[in-house]
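Listed here are the chains, written in short residue letters.
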Amino acid sequence: MTQNMQGALIGCGFFAQNHMNAWGALDGAEIVAVCDLDLAKAKAMAARFGIARVYDSPEELFRNETLDFVDVVTTVDSHLPLVKLASSHAKTVICQKPFAETMADAQAMVDAAKDAGAHLIVHENFRWQKPFLDMKALIEEGVIGPPHFAHFSFRHGYDNYVNQPYLAEIERFAIMDVGLHLFDVARHFMGEAASLSCSTQSLNPAVRGEDAFTALMKMETGATCICDCSFYSKFSPEPFPNTAAVIEGSEGTLHLDRYNQLTVHSTSGAVTRNADAEVPDWGAKPWHCVQDSVMNFQRHAIDVMNGRAEPHPSGEDNLKTMTLALAAYDAAEQAKTVDIASCVEA
Ligand SMILES: NC(=O)c1ccc[n+]([C@@H]2O[C@H](COP(=O)([O-])OP(=O)(O)OC[C@H]3O[C@@H](n4cnc5c(N)ncnc54)[C@H](O)[C@@H]3O)[C@@H](O)[C@H]2O)c1
């Protein structure tokens with residue numbers, strides 16, 4: 001029997017519960033130490049998941065532990081120092097999104113991992129959600145032909161701020177939070193963007209940053225792609241945390257509704273299937289599709305650790321997603337269409 005990859009998780013807050021549950025459910029990797037600046041949170045996580053070693057200092061963690069991988073689940077402001085440190089102590093570093101707030105920080109993490117010879121994987125779990133895996137497979141089978149239009153839409157009225165109070169405080173919210181996921185999915189299906197325009201809205205007066213945006217992209221292939229998101233939309237039943245999507249090709253259209261029902265349209269008619277994920281043993285609705293995607297992502301990370309796959313997406317790949325998110329702010333602030341090539345050259 002091969003030995004499990006040994007890892008440490010840094011950041012024992014809200015979303016890390018999903019990471020810990022998923023690591024516990026998968027073969028091939030295990031968390032042997034947890035760390036949080038708030039020792040009480042680290043201890044509570046260790047008690048819940050039976051982890052022997054607990055730290056409130058990342059430096060001390062890395063002094064004491066021999067690790068194959070590090071899972072960074074802190075908020076964005078701590079990613080640069082943690083990813084740099086982790087890269088020099090483990091062969092695989094996983095970092096939650098948003099990867100960084102600036103391109104300089106993101107590039108510094110990519111460089112640090114490269115210099116250390118470590119794999120750097122960004123925890124972009126939307127592309128690992130079951131409905132998107134199904135849609136990708138259908139497109140690769142040629143069911144709709146080459147895509148020429150796509151629309152990815154995440155709109156809801158769920159009270160996110162209870163679990164993630166920091167979301168109400170940050171200056172750059174909807175684009176840097178869910179927008180990054182949508183841009184990653186857009187690139188995954190439609191390739192790279194040539195230009196982008198964007199409109200933002202601040203709808204909820206209790207929220208500091210923009211809580212809605214609509215971005216329109218012209219892709220390098222000539223395709224059109226729209227990404228939109230709102231944290232202030234009323235639907236019944238509440239669709240959170242699902243993403244709706246339409247992808248049109250020359251031979252047909254894929255339509256994913258807000259409740260994970262996927263319809264394949266072609267000239268011979270329309271067929272609808274349930275594309276929702278199963279609720280993991282450890283999971284609960286309405287989070288099950290996200291929780292399942294965390295397991296899919298982490299299964300992939302184990303494949304990367306064992307040399308069976310390349311990071312999907314890597315830190316380097318995520319630079320392009322970040323470029324779109326930052327371009328969306330420029331486009332919205334200056335009411336202009338941004339040429340993406342000029343952002344990359346800048
Ligand atoms: N991919 C997804 O679907 C998804 C969903 C929710 C949150 N997230 C992301 O996960 C990250 C964490 O979000 P959260 O809601 O769990 O945040 P959180 O505030 O609940 O937890 C973060 C934890 O990290 C700890 N921490 C901060 N800096 C640290 C450092 N330098 N060393 C050790 N510990 C440190 C904090 O004390 C806190 O306990 C965010 O970047 C968020 O955007 C992703």
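Just so you know, these numbers come straight off a predicted model, no measurement behind them.

Trainee: When you look at the UniProt feature "domain: GFO/IDH/MocA-like oxidoreductase" (unreviewed entry) in the chain in this model, what are you seeing that I'm missing?
Mentor: Per the UniProt annotation, the sites labelled "domain: GFO/IDH/MocA-like oxidoreductase" (unreviewed entry) are residues 132–254. Counting secondary structure, residues 132–254 comes out at 21% helix and 34% strand; the distance between its end C-alpha atoms is 11 Å.

Trainee: Help me out: how do you make sense of the site of the ligand in this one?
Mentor: Near the ligand you find 22 residues, and of these Phe15, Asp36, Lys41, Asn125 and Tyr166 are the closest. Here Lys41 contributes a side-chain N or O atom positioned 2.9 Å from an oxygen atom of the ligand. Lys97 is positioned such that a nitrogen or oxygen atom in its backbone is 2.9 Å from an oxygen atom of the ligand. Protein chains bury 87% of the 860 Å² of accessible surface belonging to the ligand in isolation. Broken down by class, the residue content of the shell around the ligand amounts to nine nonpolar, nine polar and four charged.

Trainee: Can you help me understand the nonpolar core in this one?
Mentor: Looking at soluble globular proteins, one finds that nonpolar side chains tend to be buried together. Residues Phe152, Phe183, Phe213 and Met217 are the most contacted members of the largest nonpolar core, which totals 89 residues. Broken down by element, this core gets its largest block of residues, eleven residues, from helix H7 (residues 174–190). Among the domains, domain 1 (5–123 + 297–313) and domain 2 (127–276 + 321–345) are the pair contributing at least three residues each to this core. Residues within four places of Phe183 in sequence aside, it is in contact with Ile175, Leu196, Phe213, Ala215, Met217, Cys227, Thr321, Leu324, Ala325 and Ala328. Of all hydrophobic cores here, the second largest spans 24 residues; its members include Met45, Phe69, Ile94 and Met305.

Trainee: Teacher, can you tell me more about the domain arrangement of the chain here?
Mentor: Here the chain is described as being made up of domain 1 (5–123 + 297–313) and domain 2 (127–276 + 321–345). Centre-to-centre separation of domain 1 and domain 2, based on C-alpha positions: 27 Å. With 14 residues of domain 1 at the contact, the number on the domain 2 side is 14 residues. Three residues stand out in domain 1 for area buried against domain 2, namely Phe14, Lys97 and His312, and they jointly supply 40% of the buried area on that side. Taken together, domain 1 and domain 2 are joined by one salt bridge. Lys97 is paired through a salt bridge with Asp177; the nearest N and O atoms lie 3.0 Å apart. Counting across the interface, domain 1 meets domain 2 through three residue pairs in polar contact (both at pLDDT 80 or more). For the side of domain 1 that touches domain 2, the elements supplying multiple residues, two or more each, are helix H5 (103–116) and helix H8 (288–305). The class makeup of the residues in the side of domain 1 that touches domain 2 is eight nonpolar, four polar and two charged.

Calculation criteria
- Residues numbered from 1 in each chain as written.
- Predicted model: local features only at pLDDT ≥ 70, side-chain atom pairs only at ≥ 80, totals over all residues.
- Heavy atoms only, no water.
- UniProt positions renumbered as here; feature names shortened; annotations may be inferred.
- Helix = DSSP H or I, 4+ residues; strand = E, 2+ residues; numbered from the N terminus.
- Near = heavy atom within 4 Å.
- Polar contact = N/O pair within 3.5 Å; in protein donor to acceptor, adjacent residues only side chain to side chain.
- Areas by Shrake-Rupley, 256 points an atom, 1.4 Å probe, with all protein chains shown as cover.
- Nonpolar A, V, L, I, M, F, W, Y, C, P; charged D, E, K, R; others polar.
- Core = buried A, V, L, I, M, F, W, Y, C linked by side-chain atoms within 4.5 Å.
- Buried < 20%, exposed > 50% of the residue type's maximum accessible area, 1.4 Å probe, protein only.
- Domains from an automatic or database assignment.
- Contact = heavy atoms within 4.5 Å.
- Buried area = accessible area lost by both parts, 1.4 Å probe.
- Salt bridge = Lys/Arg side-chain N within 4 Å of Asp/Glu carboxyl O.

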